Amino acid sequence: MMLRLQFNNRVALSSCNRLLLTVKGAGVGKCVIADGDYCISRQLMAVRSEQLDPFMVYLLVKAVSAELNAAAAGVIPGISKPEIAKFKISDIRQLNTDHISSAFSKILDVMEVMRRKKQEHINIKSLILD
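Residues numbered from 1 in each chain as written. Predicted model: local features only at pLDDT ≥ 70, side-chain atom pairs only at ≥ 80, totals over all residues. Heavy atoms only, no water.

What about a nonpolar patch on the surface?
Together, Phe104, Ile107, Leu108 and Met111 give the surface a local cluster of nonpolar side chains, amounting to about 430 Å² of exposed area. Within the secondary structure layout, Phe104 lies in helix α4 (residues 97-129). (Patch = residues over 30% accessible without salt bridge, like charges linked within 9 Å, V, L, I, M, F, W, Y side chains within 5 Å. Areas by Shrake-Rupley, 256 points an atom, 1.4 Å probe, with all protein chains shown as cover. Salt bridge = Lys/Arg side-chain N within 4 Å of Asp/Glu carboxyl O. Helix = DSSP H or I, 4+ residues; strand = E, 2+ residues; numbered from the N terminus.)

Observations concerning the nonpolar core
Counting 18 residues, the largest nonpolar core has Leu19, Leu21, Val61, Leu68 and Ile84 as its most contacted members. When residues of this core are traced back to their parent elements, those giving at least two are β3 (19-22), β6 (44-48) and α1 (54-63). Looking at this core, the element that brings in the most residues is α1, giving 5 residues. With residues near it in sequence (within four places) discarded, Leu68 still touches Leu21, Val28, Gly29, Val61, Ile79, Ile84 and Phe87. (Core = buried A, V, L, I, M, F, W, Y, C linked by side-chain atoms within 4.5 Å. Buried < 20%, exposed > 50% of the residue type's maximum accessible area, 1.4 Å probe, protein only. Contact = heavy atoms within 4.5 Å.)

Examining the pattern of salt bridges
All chains considered together, the criterion is met by 2 salt bridges. Here the salt bridges do not stand alone but share partners, grouping Glu112, Arg115 and Arg116 into one network.

Overview of the environment of Ala73
Within the secondary structure, Ala73 sits in the loop between α2 (65-71) and α3 (81-85). It is 9.7 Å that separates the C-alpha atoms of Ala73 and Gly25, two residues lying 48 residues apart in sequence.

Section: the pairing of β3
Here β3 shows two buried faces, one formed by Leu19 and Leu21 and the other by Leu20 and Thr22. Judged from the 3 bridges that link them, β3 and strand β4 (residues 31-33) form a sheet pairing that is antiparallel. Bridge pairing in β4 links Leu20 to Val32. As defined by bridge partners, β3 adjoins β6 across 4 bridges and the pair is classed as antiparallel. (Pairing = 2+ DSSP bridges.)

Limitation: the analysis is restricted to geometry and does not speak to function.
Here it is as structure tokens:
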């Protein structure tokens, strides 16, 4: 699978659920998913994909973050949009499966709590109606 990323470097704004990628300084390659709308500096790049969920894009970029950092050059280390676009993530199997299993584990935990709460509500309702 080839991932096509779109970059927002003309406007210093990032909207919620965009990936914010550090492109200047010692932290090149570090990324987070924006939890709100932010004004961003030249040290950050807002990244999105029309094909994938933001969390999946986060995991894919995280898989190559060390390579992005190694590619940063200059007195102040940095990487440009064309250099980032060269990175091809050709196979999702390259991901660290610990990230994926951790995410699924958290989802399953939340689902279990929701199931218990639902059962409690059903029990309370049956007590009231009986």
